[in-house]
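# A look at the structure
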Amino acid sequence: MLHNEARELLVAGYEKAHDAQLIADAYSVSKRTVYRLVQQKRETGNVELHTSQRGRKPVLSEEDKTRICQCLDEKPDMTIEEIREQLHLSASYATVERAVVGMGYTRKKKSLHAAERDRSRCASQERSVEADHQPGND
């Protein structure tokens, strides 16, 4: 990868010599790189690296995040799925959830205490189990 200063020197060298192979050998790059940088200089006026255009682009825009924030301010108990449906977001559940948590909203999940987990969920099941274990039902 050539740094900005080397790129400028490469293009300046090509503009003086007009020998792409000579310049390519001098900078240990391909002729194609020389031609590409010369064309970039001609079209844009510079040969700087475009680091801001690298990587995966965010799925949710700043506008989407603002709209999510407004929804949660209006209705704090709104679920992630309701947010996705109301705002017609194509982002996944996990992406929206990460955005919500990233904005400082917390989600409270109800977890059962150990005593509640051991209990039967249905009272009728408890009664039928107790009736089966009564003396005289054998």
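Preceding block: the structure.
Described below are features of the structure shown in this document. Here the structure is a predicted model, which is why all the values come from computation and not from measurement. Counting starts from 1 at the beginning of each chain's written sequence and moves along it residue by residue. Where totals are concerned, whole chains, interfaces and linings use all residues; where local detail is concerned, this predicted model gives features only for residues with pLDDT of at least 70, and gives and counts side-chain atom pairs only at 80 or more. Only hydrogens and water are set aside when side-chain values are computed; all heavy atoms of the structure are taken into account.

## Here's the deal with the packing of helix 1 (residues 4–17) against helix 3 (residues 31–44)
Cut-off, in case you're wondering: The convention used is that axes are lines fitted to C-alpha atoms, helices contributing only their stretch in contact, and that angles between N-to-C directions extend from 0 to 180 degrees. Every helix listed is a DSSP run of H or I at least four residues long, and every strand listed is a run of E at least two residues long, numbered separately from the N terminus. Roughly parallel means an angle under 35 degrees; roughly antiparallel means over 145; roughly perpendicular covers 65 to 115; every other angle is labelled oblique. Here, two residues are considered to be in contact whenever any of their heavy atoms come within 4.5 Å of each other. Three residue categories are used. Nonpolar comprises Ala, Val, Leu, Ile, Met, Phe, Trp, Tyr, Cys and Pro, charged comprises Asp, Glu, Lys and Arg, and polar comprises the others, including Gly.
Between helix 1 and helix 3, whose axes approach to 10 Å, the crossing angle comes to 95°. In this view, helix 1 runs roughly perpendicular relative to helix 3, as classed from their interaxial angle. For the pair helix 1 and helix 3, contact is made by Arg7, Glu8, Leu10, Val11, Tyr14 and Glu15 and by Val34, Tyr35, Leu37, Val38, Gln40 and Lys41, respectively. Looking at the contact of helix 1 with helix 3, its residues break down into seven nonpolar, one polar and four charged.

## Quick notes on the side chain of aspartate 64
For clarity, the cut-off: The buried label goes to any residue with under 20% of its type's maximum accessible area, the exposed label to any with over 50%, and the partly exposed label to all in between, with areas taken from a 1.4 Å probe on protein chains only.
Among the secondary structure elements, aspartate 64 is positioned in helix 4 (residues 62–74). Among the residues examined, aspartate 64 registers a relative accessible area of 15% and is labelled buried.

## Notes on helix 5 (residues 80–87)
Note the following rule: It is the directions from the helix axis to the C-beta atoms whose arc is reported.
For helix 5, the set of buried residues is Ile80, Ile83 and Leu87. What you see down the axis of helix 5 is that its buried residues fit within an arc of 60°, all on one side. Elements that come into contact with the buried residues of helix 5 comprise helix 4 and helix 6 (93–102).

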